[in-house]
Amino acid sequence: MFVKVCGLGTTADIDVAVAAGADAVGLVISGTSVRGLDRDRAALLAAHVPQGVLSVLVVNDTPAVDAARIAAALGFGALQLHGTAYGERDFAAAAEVFPRLWRATSLSDRPDTRVGAHGEEVLLLDSPRAGSGEPWDLSLLASARPEGAWLLAGGLAPHNVAEAIERARPWGVDVSSGVESAPGVKDHALIRAFVTAAKQAAPRTA
């Protein structure tokens, strides 16, 4: 099971996630998110991520090409374009600058759920309000479950991630608010518990 811990804000957060066994860590550059970092802070944290763990730059309000340039300049491993603001043309333009793209969306937006539909290598399905910690109706996946490298996100926490994996059968999971003690403040014990619970729930199959 591929596990990404997102919205990290300190080197200690990264160290804990990595030690717990996370496969990827997400750093957010955004003017609207409580977890948003400025470019200098993001650069410092990206440089702290060790080899073997994927660093993912997450954006929701930065033009795609600009985000791709930032991801390349700061040495990120992947760029996650999050939300309906990014269409196929945005992905195509960004890919010319930085080819490793992830697409994050919600089923409420009626997206194309084929992994790679916009040229991305990973698809992430989130709740309608990203970063809110609100769960969503996983039964909707019955007619829209992706195949391949896709991550389940939205409302996940240590106490429910195993059940969510069993129901949704994703390739991986993503967590942010579910491992926080307050908005934007990561709880290291919760990070450890989440990664452990997710890794024990099911093997990665794609």
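Computed from a predicted structure; not experimentally measured. (Residues numbered from 1 in each chain as written. Predicted model: local features only at pLDDT ≥ 70, side-chain atom pairs only at ≥ 80, totals over all residues. Heavy atoms only, no water.)

As a further point, take the overall build of the protein chain. For the protein chain, the count of helices and strands is six helices and ten strands. Taken against the 2.2 N^0.38 rule, which gives 17 Å for 206 residues, the C-alpha radius of gyration of the protein chain at 15 Å falls within 12% of a compact globule. Overall size of the protein chain, expressed as C-alpha extent along the three principal axes, is 40 × 40 × 30 Å. Relative to its 206 residues, the protein chain shows a buried fraction of 50%. Counting only contacts in the protein chain whose residues sit at least 6 apart along the sequence, the fraction spanning at least 24 positions is 53%. (Helix = DSSP H or I, 4+ residues; strand = E, 2+ residues; numbered from the N terminus. Rg over C-alpha atoms; globule rule 2.2 N^0.38 Å. Buried < 20%, exposed > 50% of the residue type's maximum accessible area, 1.4 Å probe, protein only. Contact = heavy atoms within 4.5 Å.)

Before going further, it helps to spend a moment on the side chain of Thr105. Within the secondary structure layout, Thr105 lies in strand E5 (residues 101-106). The class of Thr105 is buried, set by a relative accessible area of 10%. Residue contacts for Thr105: discarding those within four places in its chain leaves Pro111, Leu123, Leu124, Leu125 and Asp126.

Consider a sheet: its strands pair through backbone hydrogen bonds, and that pairing is either parallel or antiparallel. In spatial order, the strands read E1-E2-E3-E4-E5-E6-E7-E8; together these eight strands close into a barrel with parallel pairing. Strand-to-strand twist across the sheet, computed as the mean angle between neighbouring axes with direction ignored, equals 25 degrees. One ladder, built from four bridges, connects strand E3 (residues 54-59) with strand E4 (residues 78-82); its direction is parallel. Directly across from Val59, in E4, lies its bridge partner Leu81. Across the sheet, helix H6 (residues 188-201) lies against strand E1 (2-6) and strand E8 (172-175), angled at about 160 degrees from E1, the strand it touches most. (Pairing = 2+ DSSP bridges. Axes fitted to C-alpha atoms, helices over the stretch in contact; angles between N-to-C directions.)

Within the chain, Arg110 stands out as a residue other than glycine whose phi angle is a positive 50 degrees. The residue Arg110 is located in the loop between E5 and strand E6 (122-126) in this model. Since its relative accessible area comes to 77%, Arg110 is described here as exposed. Positive phi is not limited to glycine here, since Arg169 has a value of about 55 degrees. Relative to the helices and strands, Arg169 is located in the loop between helix H5 (161-168) and E8.

Take the packing of aromatic side chains next. As enumerated under the stated definition, the model contains two aromatic pairs in all. Between Phe2 and Trp171, the aromatic rings sit 4.6 Å apart at their centres with planes inclined by 20 degrees, giving stacked as the arrangement. With Phe2 in strand E1 and Trp171 in the loop between H5 and E8, this residue pair connects regions lying 169 residues apart in the sequence. Put simply, the rings of Phe2, Trp102 and Trp171 pair up and form one aromatic cluster. (Phe/Tyr/Trp six-rings, centres within 6.5 Å; stacked < 30°, edge-to-face > 60°.)

A word on helix H1 (residues 11-20). Residue pairs spaced three or four apart in an α-helix point in one direction, given the helix's 3.6 residues per turn. Listed as buried for H1 are Asp13, Ile14, Val16 and Ala17. In an axial view of H1, the angular spread of the buried residues amounts to 165 degrees, which keeps them on one side of the axis. Elements in contact with the buried residues of H1: E1, strand E2 (24-29), helix H2 (39-48), strand E10 (185-186) and H6. Gly21 occupies a position one or two residues after H1 and carries a positive phi of about 110 degrees. (Arc of directions from axis to C-beta.)

Moving on to the environment of Ser181. On the secondary structure map, Ser181 appears in strand E9 (residues 180-182). The spatial distance from the C-alpha of Ser181 to the C-alpha of Ser33 is 16 Å, given a sequence separation of 148 residues.

Note on pairing: side chains with opposite charge can pair once their charged atoms come close. All told, the structure shown has eight salt bridges when counted by the stated rule. Note that Glu121 is salt-bridged to Arg100, the shortest N-O span being 2.7 Å. Taken as a pair, Glu121 in the loop between E5 and E6 and Arg100 in the loop between helix H4 (88-95) and E5 lie far apart in primary sequence, 21 residues in all. Note that Glu120 is salt-bridged to Arg103, the shortest N-O span being 2.9 Å. Of this pair, Glu120 sits in the loop between E5 and E6 while Arg103 sits in strand E5, placing them 17 residues apart in sequence. (Salt bridge = Lys/Arg side-chain N within 4 Å of Asp/Glu carboxyl O.)

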